[in-house]
Structure formats: structure tokens, C-alpha cells
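Structure at a glance
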Amino acid sequence: MANKILILLLFNLVFFISCTDPCSSQDEAISNATNWLISQQISDGSWGKRIDLPTTAFSILALENSGLDVRGDKEHLSGITYSTAMELAFQYLATKDSSIYSKLQLLQKSDGSWDDSISITNFILIGFSDAGLSNPNAVAYIKSYQNPTNGGWQDSAYLTSLSLSALIKSGDTSEQVS
């Protein structure tokens, strides 16, 4: 549960806070959070208590959104070999490395998902959208799990916020699937 909360907090930092000039336009809270995040990077180039791919990916994105140059961090993360859809999703989300995109395309299932997981499919769709790529099959998969009665996903604020963000970033503003 604590890991989901950390991922959700980092997700919000990454996707809902974006500044163009960190020296003049960031408020004190964002500046302090950025500095704290930088101080938490460990010697192997990652963030977290051990090699924690989701935390590392979101940390790179948050720092990039705050206006910092994270090319070295992206290159380091691109140089690591991952094989599962979840690992590749977070690696792609942070790096937008086109070779990872190709690997992810091969792992996508015919129903539009990766690993039959709404979470993983959402993260991959967000990464694709950030790189200017579309994936209608992933959009359809995500929308197929939306509750037509209350509009949420699995009665979960975590999955609903993640799915909503993925659909918005993908540019899909059509009505929910019934």
C-alpha cells in the first residue's frame, strides 16, 4: 500500500506540476521538493532504497518537468536491460527510447493490454502519449474496464486517477464505453 501511495504522489508531481523556468517561477514548495528529490538519488543513479524502477522513472520525469537537465539519467536508465512489460513501461515512460517502444509493441496483447494489467497499460499509454504516439487498442482496453455506473475503474481512486490521466494524455476525450 505504501508503494502505491508513493507512486501516486510521484505521479501527481510528474504529471500535474510543470514549470518552464525553475529558478524564477517555482514556488518554494516545488523548489524544496526538487532539491529533496535530487538529494535522494543513490550512487547507482537510481532512486529508492534499492533499484526501484518506478520511483526512478517518476523521479526522472519530475525533475525533467521542473526544468532540470536529466539527459544523463535517461541515458543511464536506457542502458539497463529489462524484459517484462512492467519494467519496460517504466523505462519507456522516463526515457522515451524508441528501441523500448519496439519491444513494448511486441509484448502488447491482442486485447490492447500489457500483462492483462490496467495499471501497466495506463503507464505505457502515458509514455506513448508523451512521445507523441497513439495506441487505440490500449485506449479501448482501458475504457472497457470503466464502470459505466459511477465512471471509475474498479472502485479505486488509484486506478481511476491513473486511467483518467492516461486517457487525457492520449487525447481521447470521447464518452465512456458502455
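Residues numbered from 1 in each chain as written. Predicted model: local features only at pLDDT ≥ 70, side-chain atom pairs only at ≥ 80, totals over all residues. Heavy atoms only, no water.

With respect to the helices and strands, Thr55 occurs in helix 3 (residues 53–65). Between the C-alpha atoms of Thr55 and Phe90, which are 35 residues apart in sequence, the distance is 9.0 Å. (Helix = DSSP H or I, 4+ residues; strand = E, 2+ residues; numbered from the N terminus.)

Within the element layout of this structure, Ser165 appears in helix 9 (residues 157–170). Note on Ser165: relative accessible area 8%, which makes it buried. At a separation of 2.9 Å, a polar atom in the side chain of Ser165 contacts the main-chain carbonyl oxygen of Ser161. (Buried < 20%, exposed > 50% of the residue type's maximum accessible area, 1.4 Å probe, protein only. Polar contact = N/O pair within 3.5 Å; in protein donor to acceptor, adjacent residues only side chain to side chain.)

This part is about the environment of Thr84. Take Thr84: it is sitting in the loop between helix 4 (71–78) and helix 5 (85–95). The exposure class assigned to Thr84 is partly exposed, which follows from its relative accessible area of 36%. Separated by 20 residues in the primary sequence, Thr84 and Leu104 place their C-alpha atoms 9.0 Å from one another. At 3.1 Å, the side chain of Thr84 and the backbone nitrogen of Glu87 are in polar contact.

Turning our attention to the nonpolar core. In terms of nonpolar packing, the biggest core is built from 40 residues, with Leu104 and Trp114 touching the most fellow members. Put simply, the parts of the chain that give this core at least two residues each are helix 3, helix 5, helix 6 (98–107), helix 7 (118–130), helix 8 (136–144) and helix 9. Leave out the neighbours within four places in its chain, and Leu104 touches Ala85, Leu88, Ala89, Tyr92, Trp114, Ile124 and Phe128. (Core = buried A, V, L, I, M, F, W, Y, C linked by side-chain atoms within 4.5 Å. Contact = heavy atoms within 4.5 Å.)

Another point: the confidence of the model for the protein. On average, residues of the protein score 83 in pLDDT, and 81% of them reach the 70 mark or higher. Ranking the elements of the protein by mean pLDDT puts helix 1 (residues 2–16) last with 51 and helix 8 first with 96. (pLDDT = per-residue confidence, 0-100.)

Okay, the pattern of salt bridges next. Counted by the stated rule, this structure contains 5 salt bridges. Between Arg71 and Asp69 there is a salt bridge, and its shortest N-O distance comes to 2.6 Å. With respect to burial, Arg71 and Asp69 carry one shared label: exposed. The partner of Lys169 in a salt bridge is Asp130, and the shortest N-O contact between them spans 3.0 Å. Taken as a pair, Lys169 in helix 9 and Asp130 in helix 7 lie far apart in primary sequence, 39 residues in all. Each of Lys96, Asp130 and Lys169 takes part in salt bridges that share partners, so that together they form one network. (Salt bridge = Lys/Arg side-chain N within 4 Å of Asp/Glu carboxyl O.)

It is worth spelling out the packing of helix 3 against helix 5 at this point. Direction vectors running N to C along helix 3 and helix 5 enclose 15°, while the axes themselves pass 8 Å from each other. Taken together, the axes of helix 3 and helix 5 are roughly parallel relative to one another. When the axes of helix 3 and helix 5 are compared, the crossing they make is left-handed. Between helix 3 and helix 5, the contacting residues are Leu53, Pro54, Ala57, Phe58, Ile60 and Leu61 on the first element and Glu87, Phe90, Gln91, Leu93 and Ala94 on the second. Grouping the amino acids of the contact of helix 3 with helix 5 by side-chain chemistry returns 9 nonpolar, 1 polar and 1 charged. (Axes fitted to C-alpha atoms, helices over the stretch in contact; angles between N-to-C directions. Parallel < 35°, antiparallel > 145°, perpendicular 65-115°, else oblique. Left-handed = near helix turned anticlockwise from the far one by under 90°. Nonpolar A, V, L, I, M, F, W, Y, C, P; charged D, E, K, R; others polar.)

The tally for this structure, following the rule as stated, stands at 8 aromatic pairs. Here Phe90 and Phe123 contribute two aromatic rings whose centre-to-centre distance is 4.8 Å and whose plane-to-plane angle is 45°, an arrangement assigned as tilted. Of this pair, Phe90 sits in helix 5 while Phe123 sits in helix 7, and the two are 33 residues apart along the sequence. Its relative accessible area of 3% is what places Phe123 among the buried residues. On the numbers, 5.8 Å between centres and 90° between planes, the contact of Trp114 with Phe128 is edge-to-face. Placement of Trp114 in the loop between helix 6 and helix 7 and of Phe128 in helix 7 is noted, with a sequence separation of 14 residues between them. The buried category is assigned to Trp114, whose relative accessible area is 0%. Within the aromatic cluster, the residues linked to one another by ring pairs are Tyr92, Tyr101, Trp114 and Phe128. (Phe/Tyr/Trp six-rings, centres within 6.5 Å; stacked < 30°, edge-to-face > 60°.)

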